[in-house]
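# Chains, contacts and geometry: an overview
Here are the chains, one letter per residue:
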Amino acid sequence: MTRPSLIQRLAAAHAERAKYALLRRLRTVEAVDGAHIRIDGRRLLNFASNDYLGLAQHPALREALARAAAQWGVGATAAHLLGGHREEHAALEEALAHWTGRERALLFSTGYMANLGVISALLGRDDVCVQDKLNHASLVDAAQLAGCELKRYVHADCTSARRQLDTRPDRAALLASDGVFSMDGDVAPLADLAALCNAQNATLMIDDAHGLGVLGDEGAGSVAAARLSQDDVPILMATLGKALGVAGAFVAGRASLIESLVQSARTYVYTTAMPPALAAAARAAVDVARFEDWRRDRLRHLIAHFRAGAALHGLTLADSHTPIQPVMIGASAAAVTVSAKLENAGFYAPAIRPPTVPEGKARLRITLSALHSESDVERLLDALKAALA
Ligand SMILES: Cc1ncc(COP(=O)(O)O)c(C=O)c1O
């Protein structure tokens with residue numbers, strides 16, 4: 001008997017992906033200015049970034065980053081619990097807790113790590129994790145890492161979620177959902193999920209990576225927009241690398257929950273703290289996101305403009321009122337072709353294909369930003385119409 005080669009097996013999987021137009025392509029961005037990026041020497045209008053409020057290049061963030069780097073140096077040099085936790089981290093955690101109306105917040109280096117850390121700290125082999133079918137991969141992976149039973153429910157369907165909880169009435173249960181779905185842009189039925197969890201004694205966790213900064217008063221997120229308290233949604237997670245334009249993530253909730261996570265979330269304990277200068281930049285971003293309401297007003301306007309224009313052009317859009325506006329294509333090869341045509345016309349909107357989205361649901365994930373203008377949106381719509389013809 002010969003042992004199979006792991007490297008050959010991976011190469012075979014790679015060839016299979018290529019056959020079905022599913023290969024992902026790594027592109028290097030050569031320059032960034034406003035809503036434009038340069039790739040392969042061409043300046044493209046970017047409709048793929050998560051910089052919804054246009055903060056990634058904001059002068060206040062740059063200044064905070066430079067000031068903190070001058071004061072603290074670059075690396076945090078250690079894990080939070082071993083001397084890496086600097087005043088910049090503490091101040092950011094306080095600002096995030098205050099913004100989201102939670103007692104305490106805890107920083108993680110990435111959203112992926114936050115989800116892995118929280119879910120694997122909470123759940124074990126005898127527990128059940130109930131998740132929306134369209135949840136982000138990091139939530140699904142987290143349940144797998146925890147070793148619990150993972151049960152998926154029909155997208156945004158509380159009856160289906162209840163059925164899944166009902167199959168294990170005796171087990172400790174976490175219900176986890178994206179607040180705003182990352183590839184579809186719709187908002188989870190948050191109030192119904194909170195009521196369901198309350199009735200079922202299950203714990204609700206919302207990943208608001210795409211809601212924070214964008215939805216709710218002062219951009220406090222989808223949970224705030226749904227007027228849900230810390231007790232309705234005991235575990236709130238959000239990222240700092242999307243609307244806040246920086247990097248990293250946090251989990252917020254009751255102080256007792258956060259203190260337990262400090263002890264037991266392995267992706268918090270066993271990793272170097274984020275650079276303090278990034279924490280300083282993120283704190284500057286919180287202030288801009290909270291108080292520069294015009295950015296959200298502009299986004300809302302652009303979303304409405306895009307949707308109205310798309311309807312006039314006869315384009316089919318998803319039911320999304322957030323900056324994530326997917327244009328459904330279907331077949332992966334067709335999505336790649338449309339994306340390439342858009343690029344020829346000066347727009348960057350890569351095709352999103354399985355396994356990131358379900359089979360047969362390849363799309364262009366168009367994202368809008370406060371950096372875009374009305375005329376940018378109109379030109380994109382014209383190019384989309386031509387590319388889809
Ligand atoms: C819903 C959701 N959760 C978590 C993450 C992971 O966050 P991060 O990029 O900070 O790892 C993402 C995207 O990256 C996301 O879209």
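Structural data are supplied above this passage.
Report on the accompanying structure.

### Quick word on the site of the ligand
In the vicinity of the ligand there are 13 residues, among which G111, Y112, D207, H210 and K242 approach most closely. The contact in question runs from an oxygen atom of the ligand to an N or O atom on the side chain of H210, over 2.6 Å. Isolated, the ligand exposes 380 Å² of accessible area, and the fraction of that covered by the protein chains is 81%. The element contributing the most residues to the shell around the ligand is helix α4 (residues 111–122), with three residues. Here the residues of the shell around the ligand are counted per class, giving two nonpolar, eight polar and three charged.

### Here we look at the packing of helix α13 (residues 332–344) against helix α14 (residues 374–388)
Remark: α13 packs on α14, axes separated minimally by 9 Å, with the N-to-C direction vectors making an angle of 135 degrees. For the element pair α13 / α14, the angle class is oblique. The hand of the α13/α14 crossing is right-handed. On α14, the residues that touch V338, K341 and L342 of α13 are L380, A383, L384, A387 and L388. Taken together, the residues of the contact of α13 with α14 sort by class into seven nonpolar, no polar and one charged.

### A closer look at the sheet that holds strand β13 (residues 351–352)
As summarised here, the arrangement of the three strands in space is β11-β14-β13, forming an open sheet in which the pairing is antiparallel. With partners counted over all chains shown, the strands left at the sheet margins are β11 (324–330) and β13, one partner each.

### Some points on the pairing of strand β1 (residues 29–33)
Note that β1 and strand β2 (residues 36–39) share four bridges and pair antiparallel. Bridging across to β2, V32 finds its partner in I37. Linking two consecutive strands that pair antiparallel, namely β1 and β2, is a turn of two residues; a positive phi of about 60 degrees is found at G34 within it.

### Describing empty space enclosed by the protein
Counted according to the given criterion, the structure contains one cavity of 30 Å³ or more. Secondary structure elements with two or more residues in the lining of the largest cavity: β4 (104–108) and α10 (266–269). Looking at the lining of the largest cavity residue by residue, the classes come out as five nonpolar, five polar and no charged.

### Things to note about the nonpolar core
In this structure, L96, L240, F250, F306 and L342 are the most contacted members of the largest nonpolar core, which totals 60 residues. With eight residues, helix α11 (residues 276–291) is the largest single contributor of residues to this core. L116, I119, L139 and L174 belong to the second largest nonpolar core, which has 27 residues in total.

### Examining the side chain of D208
Within the secondary structure, D208 sits in the loop between β8 (203–207) and α8 (222–225). Buried within the structure, D208 lacks any salt-bridge partner; R102 is the closest side chain of opposite charge, at an N-O distance of 8.9 Å. In this view, D208 contacts G179, V180, G221, S222, V223, L236, M237 and A238; residues no more than four positions away in its chain are not counted.

### Describing unusual backbone geometry
For the bond from P354 to P355, the omega torsion is 5 degrees, close enough to zero to count as cis. With respect to the helices and strands, P355 occurs in the loop between β13 and β14 (362–367). Despite not being glycine, D40 has its phi angle at roughly 50 degrees, a positive value. Here D40 lies in the loop between β2 and β3 (42–46).

Quick notes on the rules
Residues numbered from 1 in each chain as written. Predicted model: local features only at pLDDT ≥ 70, side-chain atom pairs only at ≥ 80, totals over all residues. Heavy atoms only, no water. Near = heavy atom within 4 Å. Polar contact = N/O pair within 3.5 Å; in protein donor to acceptor, adjacent residues only side chain to side chain. Areas by Shrake-Rupley, 256 points an atom, 1.4 Å probe, with all protein chains shown as cover. Helix = DSSP H or I, 4+ residues; strand = E, 2+ residues; numbered from the N terminus. Nonpolar A, V, L, I, M, F, W, Y, C, P; charged D, E, K, R; others polar. Axes fitted to C-alpha atoms, helices over the stretch in contact; angles between N-to-C directions. Parallel < 35°, antiparallel > 145°, perpendicular 65-115°, else oblique. Left-handed = near helix turned anticlockwise from the far one by under 90°. Contact = heavy atoms within 4.5 Å. Pairing = 2+ DSSP bridges. 1 Å grid on protein atoms, 1.4 Å probe; cavity = no way out; pocket = protein on both sides within 12 Å on 5 of 7 lines; lining within 4 Å. Points joined across faces, edges and corners; volume = space filled by probe spheres on them. Core = buried A, V, L, I, M, F, W, Y, C linked by side-chain atoms within 4.5 Å. Buried < 20%, exposed > 50% of the residue type's maximum accessible area, 1.4 Å probe, protein only. Lys, Arg positive; Asp, Glu negative; His and termini not counted. Salt bridge = Lys/Arg side-chain N within 4 Å of Asp/Glu carboxyl O.

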